[in-house]
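Topology and contacts: notes
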Amino acid sequence: MVARHTSSAPTHVMLYDLTDWGRELEAVNTALSLWAVRSPMLPVDADMSPDTLVLAMRAHARPLAHGARGRRVGLQLRDSRLIDRDPVEYLATVTKEGTSITKEVAPDDVDARVVSTTRAWKGLVIGGAPLDSSEDTTVQGDRNAVLSLLDATRLQTPLEAVV
């Protein structure tokens, strides 16, 4: 389920990654995430790793409204807890058919690129903060593409999901 690797010099720390079989647990993670957001004590201030934050985004992802133009956004997240680590890159695709976020380097022709710390991006996705609220988040390209990604992945309370 988990593959263990040792990072290169000089750190030589143990790194963990899911195997293909382990990645099949994403449906379980999604169900747990949807259950957890109903908690009256949701730890909104707790920090997350880049992969955990993206898993949360994927758990709550929605398609674009009918008729809206699809967008692709390169998302580069730096772990706020371990700021000296390399950022992790993702490609987010938001369409009326659905929203996907994959762990890969975005191609040159994306609509926008975002560079952020996990703490700042979590404030946008889970905390609902406005895009311009953080100095730790920069946007290059089409700002509306980033807003589309946020609209499609922001945490919604069960009441908001019904409205």
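Look a little higher up for the structure.
Below you will find a few notes about this structure. (Residues numbered from 1 in each chain as written. Predicted model: local features only at pLDDT ≥ 70, side-chain atom pairs only at ≥ 80, totals over all residues. Heavy atoms only, no water.)

1. Overview of the overall build of the protein
Rule in force here: In DSSP terms, a helix is any run of H or I states spanning at least four residues, a strand is any run of E spanning at least two, and both are numbered starting from the N terminus. Burial classification: accessible surface area is computed with a 1.4 Å probe over protein chains only, and a residue below 20% of its type maximum counts as buried, one above 50% as exposed, and the rest as partly exposed. A contact between two residues is defined here by any heavy atoms of the two lying within 4.5 Å. Accessible areas in this description were obtained via Shrake-Rupley with a 1.4 Å probe; residue shielding takes into account the shown protein chains only.
When helices and strands are tallied, the protein shows 6 helices and 7 strands. Counting across all 163 residues of the protein, residues that qualify as buried make up 31%. Long-range pairs, those at least 24 residues apart, make up 60% of the contacts in the protein between residues at least 6 apart in sequence. On the protein, roughly 10000 Å² of surface is accessible, and the fraction owed to carbon and sulfur atoms is 56%.

2. Notes on the packing of helix α4 (residues 118–125) against helix α5 (residues 143–153)
Selection criterion: Note on geometry: axes are C-alpha line fits, over the in-contact stretch for helices, and angles between N-to-C directions span 0 to 180 degrees. Roughly parallel means an angle under 35 degrees; roughly antiparallel, over 145; roughly perpendicular, 65 to 115; everything else is oblique.
At a minimum axis separation of 9 Å, α4 and α5 run at an interaxial angle of 70°. Judged by the inter-axis angle, α4 sits roughly perpendicular to α5. Contacts from W121, L124 and V125 in α4 reach V146, L149, L150 and T153 in α5.

3. Topic: the sheet that holds strand β6 (residues 112–117)
Let me state the cut-off plainly: Here a strand pair is declared whenever DSSP counts at least two bridges between the two strands.
Strand order in the open sheet formed by 5 strands is β5-β4-β3-β6-β7, and the pairing between neighbours is mixed. Because the sheet does not close on itself, it has two edges, and the strands there are β5 (99–102) and β7 (137–141). Each strand axis lies, on average, 20° off the axis of its neighbour in the sheet, ignoring direction. When strand β4 (residues 88–94) meets β5, the two strands line up antiparallel, connected through 4 bridges. Bridging from a neighbouring strand, L91 pairs with T102 of β5. Across the sheet, helix α3 (residues 50–59) touches β3 (71–78), β4 and β5, and the angle it forms with β4 is around 10°.

4. Focus: the pattern of salt bridges
For side chains of opposite charge, pairing can occur when their charged atoms come near one another. This is how the line gets drawn: Here a salt bridge means any side-chain nitrogen of Lys or Arg lying within 4 Å of a carboxyl oxygen belonging to Asp or Glu.
Applying the stated rule across the entire model yields 7 salt bridges. When salt bridges that share partners are traced, they join R69, R71, D111 and D142 into one network.

5. Section: the pairing of β6
Taken together, the 6 bridges between β3 and β6 define a ladder with parallel strand orientation. Residue pairing across strands places R78 opposite T117, the latter belonging to β6. Sheet topology places β6 next to β7; 5 bridges connect them, and they run antiparallel. Following the sheet pairing, V114 is matched in β7 by V139.

6. Section: the environment of G70
With respect to the element layout, G70 can be found in the loop between α3 and β3. Here the alpha-carbon distance between G70 and T93, two residues 23 residues apart in the chain, equals 7.4 Å.

7. Describing the environment of A106
Within the fold, A106 resides in the loop between β5 and β6. Residues A106 and L75, 31 residues apart in the sequence, show an inter-C-alpha distance of 7.8 Å. Aside from chain neighbours lying at most four places away, what touches A106 is G74, E89, Y90, L91 and R113.

8. Quick notes on α5
We count it as follows: Polar contact is defined as a pair of N or O atoms within 3.5 Å, subject to the rule that within protein one atom must be able to donate a hydrogen and the other to accept it, and that residues adjacent in sequence are counted only when both atoms are side-chain atoms.
Here α5 has its buried residues at A145, V146, S148, L149, L150, A152 and T153. Where α5 begins, the capping side chain belongs to D142, and its oxygen is found 2.9 Å from the backbone nitrogen of N144.

9. Comments concerning a nonpolar patch on the surface
The following threshold applies: Surface patches are drawn from residues lacking salt bridges whose relative accessible area is over 30%; two like charges belong together within 9 Å, two nonpolar side chains (Val, Leu, Ile, Met, Phe, Trp, Tyr) within 5 Å.
Taken together, the side chains of M1, V2, W21, L25 and V28 define a hydrophobic patch exposed on the protein surface, amounting to about 510 Å² of accessible area. You can see W21 is positioned in helix α1 (residues 20–23). A relative accessible area of 57% means that W21 is categorised as exposed.

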